[in-house]
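If you want the building blocks of each chain, they are given just below.
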Amino acid sequence: MARTTFQGPVRSLTGVYTQGPGAVVAITASTTLNPVDHGGRIITVGGTLASNVVLTLPTINTSSDPSSSGPGSDPNTANNEGVVYTIWVPTTIATSSLKIGTDGTDKYVGSVLSIDTDSSNVTVGFVAGATNDYINFNGGTTGGVAGTWVKIVAVAALKYMVTGVVLGTGTVATPFADS
């Protein structure tokens, strides 16, 4: 079944927005994210988690529509380029950690601002390294304090762009890591 019947550009003169109970998805255990259930929504993760929670992003697929899809674009395409995942921590991660990982082949590009919230309010920018495929929040130095958020976008083959504000405690450290 198709996800949409629109073909070609859609123009709205007054804006397009998402609202309602389906716009926010709460996660408390390890989950593999997907465009249908999580893309374009606010994903909340925080508080006392079930265990060390890992959110796994889907493999970026930049394939073109198959020739069998008929005229126009295929609404059932597996291409997930442009999908946005917004992850928000509403309550400080306690007694656990949150890891946001890729398939290991896809890597992060972009940066986050990290802020020391408990003493000096020092703000430090961290840039994803060429081999980074994880974002790790520990509820302390690498972030995960209430109010932390990151936006992750599948921008090209093998590249997830990330931006956000990471709130931490103590001497803040980069949340970017390798698997």
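Position labels on residues start from 1 in each chain and follow its written sequence. Per-residue local features of the predicted model are confined to residues with pLDDT of at least 70, and side-chain atom pairs are confined, for both listing and counting, to 80 or more; whole-chain, interface and lining totals are unaffected and use all residues. Note that water and hydrogens are dropped before the side-chain values are worked out from all heavy atoms of the structure.

**Student:** So, the nonpolar core: which residues are in play, and what are the values?
**Tutor:** Counting residues in each nonpolar core, the largest one holds 31 residues, and the members touching the most others are Leu55, Ile87, Leu98, Ile100, Tyr108, Val150 and Ile152. Those elements giving two or more residues to this core turn out to be strand 4 (53-56), strand 5 (84-88), strand 6 (98-101), strand 7 (107-116), strand 9 (134-137), strand 10 (149-156) and strand 11 (159-168). Contacts of Leu98, omitting those with residues within four sequence positions, involve Val45, Leu49, Val53, Leu55, Ile87, Val89, Ile93, Ile135, Asn136 and Phe137. The definition of a nonpolar core used throughout is a set of buried Ala, Val, Leu, Ile, Met, Phe, Trp, Tyr and Cys residues joined through side-chain atoms within 4.5 Å. Burial classes: relative accessible area under 20% of the type maximum marks a residue as buried, over 50% as exposed, and values in between as partly exposed (1.4 Å probe, protein chains only). Every helix listed is a DSSP run of H or I at least four residues long, and every strand listed is a run of E at least two residues long, numbered separately from the N terminus. Residues count as neighbours in contact if any of their non-hydrogen atoms are within 4.5 Å of one another.

**Student:** How would you summarise the pairing of strand 10 if you had to cite specific residues and measurements?
**Tutor:** As defined by bridge partners, strand 5 adjoins strand 10 across five bridges and the pair is classed as antiparallel. Within strand 10, the residue paired with Tyr85 across the bridge is Ile152. The sheet contact formed by strand 10 and strand 11 spans seven bridges and is antiparallel. The residue bridging Trp149 from the neighbouring strand is Val165, located in strand 11. In this structure, the hairpin formed by strand 10 and strand 11 is closed by a connection of two residues, where Leu158 is found at a positive phi of approximately 70°. Only when DSSP finds a minimum of two bridges between them are two strands counted as paired.

**Student:** Just give me the short version of the pairing of strand 6, but keep the residues and values in it.
**Tutor:** In the sheet, strand 4 pairs with strand 6 via four bridges, with the strands oriented parallel. Its bridge partner lying in strand 6, Val53 is registered against Leu98. As paired strands, strand 6 and strand 9 are joined by four bridges and run antiparallel to one another. Note that in strand 9 the partner of Gly101 across the bridge is Tyr134.

**Student:** Just give me the short version of the environment of Gly170, but keep the residues and values in it.
**Tutor:** Within the secondary structure, Gly170 sits in the loop between strand 11 and strand 12 (176-177). For the pair formed by Gly170 and Ile115, sequence separation is 55 residues and the distance between their alpha carbons is 9.4 Å. In contact with Gly170, other than residues within four places in its own chain, are Asp116 and Asp118.

**Student:** Report on the sheet that holds strand 3 (residues 42-44), specifying residues and quantitative values.
**Tutor:** Across the sheet, seven strands lie side by side as 1-3-5-10-11-7-8; this open sheet has mixed pairing. One side of each edge strand has no neighbouring strand; the edge strands of this open sheet are strand 1 (24-26) and strand 8 (123-127). Each adjacent strand pair in this sheet contributes to an overall mean axis angle of 15°, direction not counted. Sheet analysis places strand 7 next to strand 8, joined by five bridges and oriented antiparallel. Paired with Ser111 across the strands is Val127, a residue of strand 8. Angular values range over 0 to 180 degrees, each being the angle between N-to-C directions of two axes fitted as lines to C-alpha atoms, with helices fitted over their stretch in contact.

**Student:** Explain the side chain of Asp133 residue by residue, including any values.
**Tutor:** Structurally, Asp133 is set in the loop between strand 8 and strand 9. With sequence-adjacent residues up to four places away left out, Asp133 is seen in contact with Ile100, Gly101, Thr102, Gly104, Asp106, Lys107, Tyr108, Ala177, Asp178 and Ser179.

**Student:** Go over a nonpolar patch on the surface, please, and point to the residues and values.
**Tutor:** Exposure above 30% relative accessible area and no salt bridge define the residues that can form patches, which grow by joining like charges within 9 Å and nonpolar side chains of Val, Leu, Ile, Met, Phe, Trp and Tyr within 5 Å. Per-residue accessibility takes into account occlusion by the displayed protein chains alone, with areas from the Shrake-Rupley method and a 1.4 Å probe. A pair is scored as a salt bridge if a Lys or Arg side-chain nitrogen falls within 4 Å of a carboxyl oxygen belonging to Asp or Glu. On the surface, Val24, Ile42, Trp88 and Trp149 cluster together into a nonpolar patch covering about 340 Å² of accessible area. Looking at where Ile42 falls in the secondary structure, it is placed in strand 3. The exposure class of Ile42 is partly exposed, given its relative accessible area of 37%.

**Student:** If you had to explain the pattern of salt bridges to someone new, which residues and values would you point to?
**Tutor:** Side-chain pairs of opposite charge can arise where the charged atoms are in close proximity. Tallied over the entire structure, the rule returns one salt bridge. A salt bridge links Lys107 to Asp133; the nearest nitrogen and oxygen atoms lie 3.8 Å apart. With Lys107 in strand 7 and Asp133 in the loop between strand 8 and strand 9, this pair connects stretches of sequence that are 26 residues apart. Under the relative-accessibility criterion, Asp133 is labelled buried at 1%.

**Student:** Just give me the short version of unusual backbone geometry, but keep the residues and values in it.
**Tutor:** Excluding glycine, most residues fall at negative phi; most peptide bonds, likewise, are trans. In the Ramachandran plot, Asn121 falls in the positive-phi region, its phi being about 55° despite a non-glycine side chain. Look at Asn121 and you get exposed, because its relative accessible area is 51%. A positive phi angle, close to 70°, is found at Leu158, a residue other than glycine. Structurally, Leu158 is set in the loop between strand 10 and strand 11.

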